[in-house]
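Descriptive structure summary
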Amino acid sequence: DKIFLQSDQILDYITYCDYNSKDATWEKSNMRAELNERFFNLAFSKEEQEAIIQTKLDNGAEASTEDKVFLLSVNDITNTTYGYCTDGANLSASRILKCTECAQLDNCNDFYEREDYQYAWWLRTPGIPSYDNNPMFATYVNALGSCDNETTGLTTVSHAGIAPAIYVDINSPLWSTKKTEVRD
C-alpha cells in the first residue's frame, strides 16, 4: 500500500554530475546522492522519512537502483497512471512546472525559462551522446512540457531544475483517511 508523490514545482537547481565526472548515469550521479542524502535529511522529519518507501527503479539500459527520493524517467513522464499523456514529444500542461520562489531567486537560467516562469526539469534517463560521443548528457522536460530523444542537456551545468518524487507508505501513522459526505 503506497502512494506516488511528485513535487508540482521545481524545488532547486542542482548540477546532475560533477564537472570532472566521466559518467552521467543516474546510479553514479551527484544528483542521486544529493537527493537521497542531504535533501532527504533536510526536507523530511524523522517520522516522514520512516514513511517514505525505498523503491527499486528501472533505469532502462542502466543498472537498477534503490532510492527513497528520485527523479522521474522518460517512461514515468509518459505514464497515464501518474497523470501524464503517453507521448513525450507532445506539449503537455501536466508536465509544465514552475519554480518555487526560492529556486527562482537562486538559480533559474534564462535560456531555459519562458516568460511565465515555467522551467525545464531533469529526468534520470540518460541523454543521447553529443556528436563527439560525450556521455555527459541527461534527458530533461523542457519549459513547454515536452521531452523527446533530442531533449538532452549537459549534466555538468544546472540549467534544469529538480522535481523529486517519492513513494509513501499509506499505512504510516502520518496518513489518515478523511471521510467525505456524498450529497445527491
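Residues numbered from 1 in each chain as written. Predicted model: local features only at pLDDT ≥ 70, side-chain atom pairs only at ≥ 80, totals over all residues. Heavy atoms only, no water.

With respect to the packing of aromatic side chains
Note on aromatic pairs: each is described by the distance of the centres and the angle between the planes. Evaluation of the coordinates by the stated rule reveals 6 aromatic pairs. Members of the aromatic cluster, connected to one another through ring pairs, are Phe4, Phe70, Tyr82 and Tyr167. (Phe/Tyr/Trp six-rings, centres within 6.5 Å; stacked < 30°, edge-to-face > 60°.)

Things to note about helix 1 (residues 30-43)
Where helix 1 bends most, the angle comes to about 25 degrees, and this point is Asn36. Along helix 1, the residues that are buried comprise Met31, Arg32, Leu35, Phe39 and Phe40. (Bend = angle between axes of the 7 residues up to and from the residue. Helix = DSSP H or I, 4+ residues; strand = E, 2+ residues; numbered from the N terminus. Buried < 20%, exposed > 50% of the residue type's maximum accessible area, 1.4 Å probe, protein only.)

Describing the confidence of the model for the protein chain
Low pLDDT marks regions whose predicted coordinates should not be analysed in detail. Looking at the protein chain, pLDDT values average 78 and 73% of them are 70 or higher. Predicted confidence in the protein chain is weakest over strand 9 (residues 152-154), with a mean pLDDT of 61, and strongest over strand 4 (residues 65-67), with 96. Across residues 109-114 the pLDDT falls below 50, and counting only partners more than four positions away or on other chains, this stretch makes 12 contacts in the model. (pLDDT = per-residue confidence, 0-100. Contact = heavy atoms within 4.5 Å.)

Digging into the environment of Phe40
Within the secondary structure, Phe40 is located in helix 1. Classification of Phe40 by relative accessible area gives buried; the value is 9%. Separated by 29 residues in the primary sequence, Phe40 and Val69 place their C-alpha atoms 7.0 Å from one another. Residues within four places of Phe40 in sequence aside, it is in contact with Leu35, Gln49, Ile52, Lys68 and Val69.

Concerning the layout of surface pockets
In this structure, the largest pocket occupies an estimated 270 Å³ of space. Taken together, 16 residues line the largest pocket, and the ones lying closest to its centre are Leu5, Phe44, Ile52, Ile166 and Val168. Taken together, the elements giving at least two residues each to the lining of the largest pocket come down to strand 1 (2-6), helix 2 (46-51) and strand 10 (165-169). The dominant element in the lining of the largest pocket, judged by the number of residues it contributes, is strand 10, at 3 residues. A per-class count over the lining of the largest pocket returns 13 nonpolar, 2 polar and 1 charged. (1 Å grid on protein atoms, 1.4 Å probe; cavity = no way out; pocket = protein on both sides within 12 Å on 5 of 7 lines; lining within 4 Å. Points joined across faces, edges and corners; volume = space filled by probe spheres on them. Nonpolar A, V, L, I, M, F, W, Y, C, P; charged D, E, K, R; others polar.)

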